[in-house]
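Reading the structure
Here's the letter readout for the chains.
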Amino acid sequence: MNNQEGTILITGGAGFIGSNFIQYFMGEHPNVTILNIDKLTYAGSTDNLKEVERSDRYQFIHGDIAHVSLVKHVFQNYDIRGVIHFAAESHVDRSIEDSRAFIESNVLGTMTLLQAARDDWEKKGEISSRRFHQISTDEIYGSLGSDGKFSEETTYDPRNPYSASKAGANLLVKSFGYTYGMNIVISSSSNNYGPKQHKEKLIPTIIRKALAGEHIPIYGDGKNIRDWLYVEDHCRALDAIYHQGKPLETYNVGGGNEKTNIAIAKQICDILDQIKPEIKLQAGIHSFKELITFTEDRKGHDRRYAVDDRKLRNELGWKPKEDLDDALRKTVEWYVKQWNLQTNR
Ligand SMILES: NC(=O)c1ccc[n+]([C@@H]2O[C@H](COP(=O)([O-])OP(=O)(O)OC[C@H]3O[C@@H](n4cnc5c(N)ncnc54)[C@H](O)[C@@H]3O)[C@@H](O)[C@H]2O)c1
């Protein structure tokens, strides 16, 4: 069990999952102070942190986790009790275009954090007690056929530069655990959905394009399968893993919701048909589904991901609270509300 008090360093907390996590974690742990370091790339925004930014238990540092002297300075100036490391370049399509930033942030950035944490915690005689929690993805395991699931024992087999960079980071994290006795833990989750996700990702893209009355692009035949996890369920899993996960262990986090991309797109269109009928009429269509268009497939597009998370359920007692149908509706409503505000509707 880790100390639940003091300053926790969150990296990448201005992004989708990090910002949801900070809000959740500060609510759950009133004695914790959060220090959030984020480079504010195209994917990060301090707008995602409005709910916490005025709290005296929250502090923001605008900076790059791969910047050695900055990260050292952070550890020298704050007594960091633990690190929960979200910061990463996270968009597969961008990594296929150019992978350099993925290696710089995801691999070198992780190494820089590990090194600074190790130096500081060794000096304090706390290398084996203070926790380093690496946030990872099921994409490190590669692609599945029509059956089977990824377990924690599945061999890493990344198929695109993003997942390769995340697998590389995980291996570095493990190596610091084995070599220096650092108290590391890794969690690998499936695809998240929920509020505050960057507009380029699948679910926000479907909603954004539909509301604009534009074609909704779906890669290939739309039959690629992902296991959808509501972001708040992920946050609860991370809280349990950070506090109770065993050192050197990996915990998979899944949603138990395997869906093809085309099924997700159609479900979102059904929800929008009900809540935004006037846009449909303006676009001269009977259903937003008419806007769905298949595009050339993503290079190296993994066919199916599914996560076996029995270890997390059995050992730490976690299970998702949200049902996909309800949580997807809630998510669509959130994006529609943002769109209404932006377009003065
Ligand atoms: N979104 C998912 O479905 C999903 C699933 C499994 C795992 N993950 C992992 O969870 C983590 C967060 O994902 P997300 O979807 O919130 O990503 P995101 O792209 O929304 O946010 C990433 C954040 O990291 C920041 N960042 C990037 N490089 C940085 C650097 N060098 N220094 C400091 N900050 C930097 C960005 O500014 C941004 O705020 C990532 O590590 C990702 O690999 C995501």
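Calculation criteria
- Residues numbered from 1 in each chain as written.
- Predicted model: local features only at pLDDT ≥ 70, side-chain atom pairs only at ≥ 80, totals over all residues.
- Heavy atoms only, no water.
- UniProt positions renumbered as here; feature names shortened; annotations may be inferred.
- Helix = DSSP H or I, 4+ residues; strand = E, 2+ residues; numbered from the N terminus.
- Contact = heavy atoms within 4.5 Å.
- Areas by Shrake-Rupley, 256 points an atom, 1.4 Å probe, with all protein chains shown as cover.
- Lys, Arg positive; Asp, Glu negative; His and termini not counted.
- Charge placed at Lys NZ, Arg CZ, Asp CG, Glu CD.
- Pairing = 2+ DSSP bridges.
- Axes fitted to C-alpha atoms, helices over the stretch in contact; angles between N-to-C directions.
- Near = heavy atom within 4 Å.
- Polar contact = N/O pair within 3.5 Å; in protein donor to acceptor, adjacent residues only side chain to side chain.
- Expected span 1.5 Å × (residues − 1).
- Buried < 20%, exposed > 50% of the residue type's maximum accessible area, 1.4 Å probe, protein only.
- Phe/Tyr/Trp six-rings, centres within 6.5 Å; stacked < 30°, edge-to-face > 60°.
- Lys NZ or Arg CZ within 6 Å of the ring centre and 35° of its normal.

For the protein, an unreviewed UniProt entry supplies the name dTDP-glucose 4,6-dehydratase and the organism Oceanobacillus longus. Taken directly from UniProt, the Sequence similarities (unreviewed entry) text for the protein runs: "Belongs to the NAD(P)-dependent epimerase/dehydratase family. dTDP-glucose dehydratase subfamily." The Cofactor (unreviewed entry) comment attached to the protein in UniProt states, word for word, "NAD(+)".

The next point concerns the overall build of the protein. Across its full length, the protein holds 11 helices and 13 strands. For the protein, the share of sequence-separated contacts (at least 6 apart) that also reach a separation of at least 24 residues comes to 81%. Accessible area of the protein: about 15100 Å², with a carbon and sulfur share of 47%. Charged side chains of the protein number 44 positive and 48 negative; the gap between the two group centres comes to 1 Å.

Okay, the sheet that holds strand 4 (residues 80-85) next. Strand order in the open sheet made by the 7 strands is 3-2-1-4-5-6-11, with parallel pairing throughout. This sheet does not close on itself; its edge strands, each paired only once, are strand 3 (58-62) and strand 11 (250-253). The mean angle between the axes of side-by-side strands here comes to 20°, regardless of whether they run parallel or antiparallel. Across 4 bridges, the pairing between strand 6 (residues 183-189) and strand 11 is parallel. What sits directly across from Ser188, in strand 11, is Asn252. Relative to the sheet, helix 2 (residues 68-77) contacts strand 1 (6-11), strand 2 (32-38), strand 3 and strand 4, its axis offset from that of strand 4 by approximately 140°. Those strands touched by helix 5 (residues 161-180) are strand 5 (131-137), strand 6 and strand 11, and its axis lies near 155° from that of strand 5.

With that out of the way, let us pick up the site of the ligand. In the region of the ligand, 28 residues are neighbours, and Ile17, Asp38, Ser90, Tyr162 and Lys166 sit closest. Taking Phe86, its main chain carries an N or O atom lying 2.8 Å from an oxygen atom of the ligand. Protein chains bury 97% of the 830 Å² of accessible surface belonging to the ligand in isolation. Within the residue set of the shell around the ligand, elements represented by two or more residues are helix 1 (16-28), strand 5 and helix 5.

The next point concerns helix 11 (residues 324-342). With 19 residues, helix 11 extends 27 Å from end C-alpha to end C-alpha; this agrees with the ideal 27 Å at 1.5 Å per step. Among the residues making up helix 11, those that are buried are Leu324, Ala327, Leu328, Thr331, Val332, Tyr335, Val336, Trp339 and Asn340. Packed against the buried residues of helix 11 are strand 7 (192-193), helix 6 (202-211), strand 10 (229-230), strand 12 (258-260), helix 8 (261-275) and helix 9 (277-283). Between a side-chain oxygen at the N-terminus of helix 11 and the backbone nitrogen of Asp325 the separation is 3.2 Å; the capping residue is Asp323. Remark: Asn344 follows helix 11 within two positions and exhibits a positive phi of approximately 55°.

A few words on the packing of aromatic side chains. Counting across every chain of the model gives 12 aromatic pairs. On the numbers, 6.0 Å between centres and 70° between planes, the contact of Tyr141 with Tyr156 is edge-to-face. Here Tyr156 lies in the loop between strand 5 and helix 5 and Tyr141 lies in the loop between strand 5 and helix 5, a separation of 15 residues in the sequence. For the pair shown, Tyr141 and Tyr156 are each scored as buried. An aromatic cluster is present here, built from Phe21, Phe25, Phe86 and Tyr242 joined pairwise through their rings. We note Arg226 situated over the ring of Tyr305; from NZ or CZ to the ring centre the distance is 4.0 Å. For the cation-ring pair, Lys311 lies above Tyr251, with the distance from its terminal atom to the ring centre recorded as 4.8 Å.

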